[in-house]
Amino acid sequence: TDLFREPAEALGFRVVEADRGFEFLASARSRFQNEKRAREIVEKLDVCNAGNGDETITGLGHSDGCRKLLNAAWLRPVFDRLIFINPALDRRAPIPPEVRRVDVWHCPGDLAVTLSKCLLFHAWGDMGSVGYAGTRVNVRNHNAIEVGGKHGFEFPTFRKHSRIFERLDLFAPSILAER
């Protein structure tokens, strides 16, 4: 998600990173420390004084980072909008009512999130492959292959999980837009 800094700042976003880097999906660290990571996100926003005044906060996450953002949103209503890219979340994950809008960028056939839903004792799921299927009407699904076009964006299943980041020239304006 670090690659979004430049296009986000060009669109006028103030970027506050709460990046923990890659944590292997099946690792105990990722599984047992999501609540801690969520608290760190909220604390980071407090330290940066984000969201005070007229400023709204958009949280952008990828894969398991979406779980951390969602947990942070449940801890305290800090986010106006959430952007999930290939989220490793259950397709019916509950969304806090305070979040005005959620955009889910999914890629049909995303093998990483499809397999993540099979792991025992985890809250992960296949939203990154199938999109959001819950009851909230303010969640918008975006099929990355349809947006990216069949030629130039169709790729093998094992590469679908992070391919959006290879084409930020195409995707960043759409992902960051307030449509």
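To be clear, the structure that these remarks concern was listed above.
Let me sum up the structure you'll find in this document. Going along each chain's sequence as written, the residues are numbered from 1 onward. In keeping with the model being predicted, local features are shown solely for residues with a pLDDT of at least 70 and side-chain atom pairs are shown and tallied solely at 80 or more, while totals for entire chains, interfaces and linings include all residues. With hydrogens and water excluded, all non-hydrogen atoms of the structure serve as input to the side-chain values.

## Observations regarding the environment of L70
Numbering goes from the N terminus for both helices and strands, where a helix is a DSSP run of H or I of at least four residues and a strand is a run of E of at least two. Its location among the elements puts L70 in helix 4 (residues 64-75). A C-alpha to C-alpha distance of 9.1 Å links L70 and G59, two positions 11 residues apart in sequence. Ignoring anything within four residues of it in the chain, the contact list for L70 reads L82, F84, L89, A93, P94, I95 and P96. Only heavy atoms enter the contact rule, under which two residues are in contact if any of them lie within 4.5 Å.

## Quick word on the packing of aromatic side chains
Planes of paired rings set the category: under 30 degrees apart is stacked, over 60 is edge-to-face and the rest tilted, where pairs are Phe, Tyr or Trp rings (Trp by its six-membered ring) whose centres lie within 6.5 Å. Going through the model one piece at a time under the given rule, you end up with 2 aromatic pairs. Ring centres of F4 and F165 lie 5.9 Å apart, and the angle between their planes is 90°; on these two criteria the pair is classed as edge-to-face. Of this pair, F4 sits in the segment before helix 1 (5-10) while F165 sits in the loop between helix 7 (144-148) and helix 8 (168-176), and the two are 161 residues apart along the sequence. To sort residues, take the accessible area from a 1.4 Å probe on protein chains only and compare it with the maximum for the residue type: under 20% means buried, over 50% means exposed, and anything in between is partly exposed. Owing to a relative accessible area of 4%, F4 belongs among the buried residues under this scheme. The interplanar angle of 90° and the centroid separation of 6.0 Å between the aromatic rings of W105 and F171 together place this pair among those described as edge-to-face. With W105 in strand 3 (residues 101-106) and F171 in helix 8, this residue pair connects regions lying 66 residues apart in the sequence.

## Here we look at the packing of helix 3 (residues 34-47) against helix 4
For the pair helix 3 and helix 4, the least separation of the axes is 8 Å and the interaxial angle reads 65°. In terms of orientation, helix 3 lies roughly perpendicular with respect to helix 4. Both helix 3 and helix 4 take part in a crossing whose hand is right-handed. Contact with helix 3, carried on its side by N34, E35, R37, A38, R39, I41 and V42, involves D64, R67, K68, L69, N71, A72 and L75 of helix 4 and no other residues of that element. For the contact of helix 3 with helix 4, the per-class residue count stands at 6 nonpolar, 2 polar and 6 charged. All axes here are fitted lines through C-alpha atoms, helices being fitted over the stretch that makes contact, and every angle between N-to-C directions spans 0 to 180 degrees. For classification purposes, an angle smaller than 35 degrees is called roughly parallel, one larger than 145 roughly antiparallel, one from 65 to 115 roughly perpendicular, and anything else oblique. Here a crossing is taken to be left-handed if its near helix is turned anticlockwise relative to the far helix by less than a right angle, and right-handed if that turn runs clockwise. Note that Gly is not counted as nonpolar here; it falls among the polar residues with everything else outside the nonpolar set of Ala, Val, Leu, Ile, Met, Phe, Trp, Tyr, Cys and Pro and the charged set of Asp, Glu, Lys and Arg.

## What about the sheet that holds strand 1 (residues 58-62)?
The strand order across the open sheet built from 4 strands is 1-2-3-4, with neighbouring strands paired in parallel fashion. Bordering the open sheet on either side are strand 1 and strand 4 (139-143), each of which pairs with just one other strand. If you compare each strand with its neighbour and ignore which way they point, the axes differ by 15° on average. Running over the sheet, helix 4 touches strand 1 and strand 2 (81-85) and is turned about 150° from strand 1. Running at roughly 150° to strand 2, helix 8 makes contact with strand 1, strand 2 and strand 3 of the sheet. We call two strands paired when DSSP finds no fewer than two bridges between them.

## A look at unusual backbone geometry
Phi at S63 takes a positive value of approximately 60°, unusual for a residue other than glycine. Assessed through its relative accessible area of 12%, S63 is described here as buried. Here the phi dihedral of N86 falls at roughly 45°; this positive angle occurs in a residue that is not glycine. Note on placement: N86 falls in the loop between strand 2 and strand 3.

## What about the side chain of D103?
Considering the arrangement of structural elements, one finds D103 in strand 3. Setting aside its immediate chain neighbours within four residues, D103 contacts R81, L82, I83, F84, R140 and H142.

## Side note on the pairing of strand 1
The two faces of a sheet get side chains in turn, since along a regular strand they alternate between them. With 5 bridges connecting them, strand 1 and strand 2 associate as parallel partners. Counted as the bridge partner of T58 is R81 from strand 2. Handedness of the β-α-β unit built from strand 1, helix 4 and strand 2 comes out right-handed. By convention a crossover is right-handed if, when the strands point away from the viewer, the path from the first strand over the helix to the second runs clockwise.

## Let's talk about the pattern of salt bridges
Here, a salt bridge means any side-chain nitrogen of Lys or Arg that lies within 4 Å of a carboxyl oxygen of Asp or Glu. Considering all chains together, one arrives at 7 salt bridges under this definition. Its salt-bridge partner being R5, residue E9 comes within 2.6 Å of it at the nearest N-O pair. Pair noted here: E9 and R5 are both in helix 1, with a separation of 4 residues, about one helical turn. Notably, a salt bridge pairs R91 with D126, separated by 2.5 Å at the nearest N-O pair. With R91 in the loop between strand 2 and strand 3 and D126 in the loop between helix 5 (111-116) and helix 6 (127-130), this residue pair connects regions lying 35 residues apart in the sequence.

Without other data, these values stay purely geometric and don't point to any function.
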